[in-house]
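Structural characterization, general
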Amino acid sequence: MALHGHRLCDICNKARATIKYTRIDGDQVREMLICQACASEHSPLHRHSEAEVGGLQKLFSTLLKEKGASELAAKVEPTECCSVCGTPFETYRKTFLLGCPGCYESFADALTIDLRKIHGAITHRGKVPEGQAEEIEQRETIVGMKRQLAEAVEREDFEAAAHLRDRIRDMEREEETPPETP
Amino acid sequence: MTIPLLDLSDRWFAGEGPEARTVVSSRCRLARNLAGVPFSRTAQPVQQEAVARRIADALSVEAGLKGFQRIELSEISTAERAILREAHLISPELERHADHCAVYLADNARISIMVNEEDHLRMQAIETGYRVREAHRAIDEIDSRLSRHLTYAFSPQLGHLTACPTNTGTGLRASAMLHLPGLVLAGRIDRIVKDIANNGYAVRGFYGEGTHSAGDLYQISNEVTLGKSEEEIISGLLGVVDQLIEHEHASRDELFAKRRPFIEDSIWRSYATLSQARLINSSEAISLLSRLRLGIDGGHFNERLTHHDLNRLLIEIQPAHLASRRGLTDADDESRDAMRAEFLRQRLADIVSSN
Ligand SMILES: [Zn+2]
Ligand SMILES: [Zn+2]
């Protein structure tokens, strides 16, 4: 597929989706990603623009006619809720908004797919917050060493495994002790 | 509480800076959330209050972050909120959800920090002209300072965790607002917009919809926020904008070389309408002002009219700004169009006579 790694338009399902739209219906908010062509054709309200709401309703009625309401509903994945904030997965699908940072873990499978579609990647390569850099570096190392430990066990290099195990234990203990406040 | 009338001589309206002929302004926005708290739209009022308090504390203890003016959205009128939105200092989202929302402004509104928008923190820096890197540097510095006092919702794997997955990772949206009358008049805009969209950058009309933007103003921004560093995101955007500037210049040169009477006619007809009309709606006014901008760039107004004048006019002709000038909070369409026409006639006469 030529458009591999990109999310496709929610209307035509052909072109790459580059615009986020919001429909506000009473107190229900629904977001979708659509392509440039469909955006200009249907002239709906861009979330961050000052266009009229009327166009959006037009967009949605066209959308429902084109795809059929049942088909749209069938796209919604099974009902589960975030274990941290209780936001139903369905709400995320409707609004394209997550409830809390914990949703990223609760809905990890679906989000991995979505993030890959939107960004073509799932690994952060940008700035790390100053206050968290050290902590994160450490955790990263623990993760790395655990991987090395598993590999050492696999090839039955028990000396290396024991050494790694001790270092991991030390680092985990260090992480648990709260840092001294000056 | 009343908001002090916005000073439209503010820096980012100046209409100066690199490539000011094509690039009106540059902007960088960062989305951040506090760890362990639901995102703004899910958080309980108590949690939203706590978020607002923690952000206020962080801003007050960090020495480099003094001098922010705090505007509590629930304490100002609907009309005043609309004024802030028209001046691009708050988003429509923040205008709608005023409770527990605030905006901090600093450095003549060049920096704005929205609290309890879709994300707990939406901070942006705007610069006049083509200065995306400068805008990023300014907001990055504020982010670094805030991060010493706030624990962000951050994952080593995914980066900054944001309410919408379109912002996950760096949370960075870098953009440039471009005036592209050459490409529009040459009929090349649609293709170019499509090309850019296929390359992972979003182009949207600044006023209006799709590829047809009133005023020929287009905002180009990055879409990808995850898997690239901030530097890669910005240099990618600059690459796209550089090309657009080049195409725009080529189109304008060609138009002026081959169709000078047509272009000049459209510039002067626009001036005539703007300085004589008795009723004018905002989309017509914005389109005509675009031709005046082209006229400024072509040296047609002998510096009597400047980019700064135009940038101001684009904001001053918006409904809430017009109404507030008359001390009104609202007006019907026709009287608003009449007020707009009167305002433009007067303004253009003042500008032309004072210079
Ligand atoms: Zn489409
Ligand atoms: Zn959650």
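Just so it is clear, the structure is predicted and the values come from calculations on it, not from any experiment.

Here we come to the coordination of the zinc ion (ligand 2). Residue and element names in this part refer to chain A. Binding of the zinc ion (ligand 2) to the protein goes through Cys-82 (SG), Cys-85 (SG), Cys-100 (SG) and Cys-103 (SG), at separations of 2.3 to 2.4 Å. Counting residues between consecutive donors of the zinc ion (ligand 2) along the chain gives the motif C-x2-C-x14-C-x2-C. With a gap of 15 residues between them, Cys-85 in the loop between helix 3 (69–74) and helix 4 (89–95) and Cys-100 in the loop between helix 4 and helix 5 (103–106) connect regions that are remote in the sequence. Overall, the relative accessible area of 26% leaves Cys-85 in the partly exposed class. Overall, Cys-100 belongs to the buried group, its relative accessible area being 2%.

With 57 residues of chain B at the interface, the matching set in chain A holds 42 residues. Carbon and sulfur atoms make up 56% of the surface buried where chain B meets chain A, a total of about 4300 Å² over both sides. On the chain B side of the contact with chain A, B:Phe154, B:Pro156 and B:Pro165 bury the most area, a combined 14% of that side's loss. The tally of links between chain B and chain A comes to four salt bridges. With a shortest N-O distance of 2.8 Å, B:Arg148 and A:Glu130 are connected by a salt bridge. Counting across the chain B and chain A interface gives 20 residue pairs in polar contact (both at pLDDT 80 or more). Elements that contribute at least two residues to the side of chain B that touches chain A include exactly helix 3 (92–96), helix 4 (132–147), strand 7 (159–160), helix 6 (189–198), strand 9 (201–205), strand 10 (208–209) and helix 7 (230–258) of chain B. The greatest single-element share of the side of chain B that touches chain A, amounting to four residues, is contributed by helix 4 of chain B. Looking at the side of chain B that touches chain A, its residues break down into 22 nonpolar, 21 polar and 14 charged.

In this section: the packing of helix 8 (residues 260–276) of chain B against helix 9 (residues 282–297) of chain B. Residues and elements named next belong to chain B. Following both chains from N to C, one finds helix 8 and helix 9 inclined at 130°, their axes separated by 8 Å at the closest point. By the angle between their axes, helix 8 is oblique relative to helix 9. Crossing hand, helix 8 versus helix 9: left-handed. Residue-level contacts link Ile-263, Ser-266, Ile-267, Ser-270, Tyr-271, Thr-273 and Leu-274 of helix 8 to Glu-284, Ala-285, Leu-288, Leu-289, Arg-291, Leu-292, Leu-294 and Gly-295 of helix 9. Each residue belonging to the contact of helix 8 with helix 9 can be placed in one class, and the counts come to nine nonpolar, four polar and two charged.

All right, on to the pattern of salt bridges then. A full pass over the atoms with the stated rule returns 33 salt bridges over all chains. Between B:Asp143 and B:Arg32 there is a salt bridge, with the nearest N and O atoms lying 2.9 Å from each other. Here B:Arg32 lies in strand 1 (residues 23–32) and B:Asp143 lies in helix 4, a separation of 111 residues in the sequence. Each member of the pair, B:Asp143 as well as B:Arg32, carries the same accessibility label: buried. The network of salt bridges with shared partners includes A:Glu130, B:Glu62, B:Glu141, B:Arg145 and B:Arg148.

All names here are of chain B. Examined at the domain level, chain B breaks down into domain 1 (9–253) and domain 2 (259–348). Listed per partner, the contact involves 23 residues of domain 1 and 21 residues of domain 2. Both faces combined, the contact of domain 1 with domain 2 buries some 2000 Å², and carbon together with sulfur accounts for 65% of it. Here domain 1 and domain 2 share two salt bridges between them. Put simply, Arg-252 and Asp-297 hold a salt bridge, and the shortest N to O gap is 2.9 Å.

Inspection of every chain in the model, using the stated rule, returns zero disulfides over all chains. We note that B:Cys164 lacks a disulfide partner, and the nearest cysteine sulfur, in A:Cys103, lies 12 Å from it. According to the relative accessible area criterion, B:Cys164 is buried, its value standing at 0%.

The next subject is the confidence of the model for chain B. Residue and element names in this part refer to chain B. A residue-level look at chain B finds 93% of positions with pLDDT of 70 or above and a mean pLDDT of 88. Per-element confidence in chain B ranges from a low mean pLDDT of 52 for strand 10 to a high of 98 for strand 7. Considering only residues more than four positions removed or in separate chains, one finds that residues 1–5, a stretch of pLDDT under 50, has 13 contacts. Reported for the predicted complex are a pTM of 0.75 and an ipTM of 0.87.

What counts as what
- Residues numbered from 1 in each chain as written.
- Chains lettered and ligands numbered in written order.
- Predicted model: local features only at pLDDT ≥ 70, side-chain atom pairs only at ≥ 80, totals over all residues.
- Heavy atoms only, no water.
- Donors = N, O, S within 2.8 Å, 3.2 Å for Na, K, Ca; no water.
- Helix = DSSP H or I, 4+ residues; strand = E, 2+ residues; numbered from the N terminus.
- Buried < 20%, exposed > 50% of the residue type's maximum accessible area, 1.4 Å probe, protein only.
- Contact = heavy atoms within 4.5 Å.
- Buried area = accessible area lost by both parts, 1.4 Å probe.
- Salt bridge = Lys/Arg side-chain N within 4 Å of Asp/Glu carboxyl O.
- Polar contact = N/O pair within 3.5 Å; in protein donor to acceptor, adjacent residues only side chain to side chain.
- Nonpolar A, V, L, I, M, F, W, Y, C, P; charged D, E, K, R; others polar.
- Axes fitted to C-alpha atoms, helices over the stretch in contact; angles between N-to-C directions.
- Parallel < 35°, antiparallel > 145°, perpendicular 65-115°, else oblique.
- Left-handed = near helix turned anticlockwise from the far one by under 90°.
- Domains from an automatic or database assignment.
- Disulfide = S-S within 2.5 Å.
- pLDDT = per-residue confidence, 0-100.

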